[in-house]
Amino acid sequence: MIHKHSNETQTKWNRGEFKVQLLLPTTTRPMGFCDGTDEDIAELNAIAEAEGVDGFDIQRKILKTGREIWTLVGSEPPEVVDDFV
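Residues numbered from 1 in each chain as written. Predicted model: local features only at pLDDT ≥ 70, side-chain atom pairs only at ≥ 80, totals over all residues. Heavy atoms only, no water.

**Q** Tell me about the overall build of the protein chain, and please be specific about residues and values.
**A** When helices and strands are counted, the protein chain shows 2 helices and 5 strands. Overall, the protein chain shows an N-to-C arrangement of helices and strands of β-α-β-β-α-β-β. The 85 residues of the protein chain split such that 27% are buried. Working note: accessible area of the protein chain is about 6300 Å², and carbon and sulfur atoms make up 51% of it. (Helix = DSSP H or I, 4+ residues; strand = E, 2+ residues; numbered from the N terminus. Buried < 20%, exposed > 50% of the residue type's maximum accessible area, 1.4 Å probe, protein only. Areas by Shrake-Rupley, 256 points an atom, 1.4 Å probe, with all protein chains shown as cover.)

**Q** Break down the nonpolar core for me, citing the residues and quoting the values.
**A** By size, the foremost hydrophobic cluster in this structure holds 8 residues: I2, V20, L22, C34, L44, I58, W70 and L72. Taken together, the elements giving at least two residues each to this core come down to strand 2 (20-23) and strand 5 (68-75). With residues near it in sequence (within four places) discarded, I58 still touches I41, W70, T71 and L72. (Core = buried A, V, L, I, M, F, W, Y, C linked by side-chain atoms within 4.5 Å. Contact = heavy atoms within 4.5 Å.)

**Q** Which residues make up the packing of aromatic side chains, and what values do they have?
**A** As enumerated under the stated definition, the model contains 2 aromatic pairs in all. On the numbers, 5.6 Å between centres and 10° between planes, the contact of F18 with F33 is stacked. Highlighted residues: F18 in the loop between helix 1 (7-14) and strand 2 and F33 in strand 3 (residues 32-34), separated in sequence by 15 residues. For F18, a relative accessible area of 7% corresponds to the buried category. Here F33 falls in the buried class, since its relative accessible area comes to 0%. By the ring-pair criterion, three or more aromatic residues cluster together here, those being W13, F18 and F33. One residue, R60, lies across the ring of W70, its end atom 4.4 Å from the ring centre. The side chain of R67 reaches across the aromatic face of W13, ending 3.9 Å from its centre. (Phe/Tyr/Trp six-rings, centres within 6.5 Å; stacked < 30°, edge-to-face > 60°. Lys NZ or Arg CZ within 6 Å of the ring centre and 35° of its normal.)

Keep in mind these values describe shape, not function.
This is the structure:
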């Protein structure tokens, strides 16, 4: 289950109660936290699909404690460039 970032969930992360911290490349504040299960990945896919992201990649960083930081990088549609000046 994905737990959205709040003071309570941040405290739980600090205490080691979550295995994974979820980040987005555009911000330093965590998106949320989870345990890194297959169900969590399926839920992240559902969230990405609901937000119109075709897919995403998980860049995993393993910490010395064994916990992980996942940065979620979405693949967005290509930007349309107007060549008419």
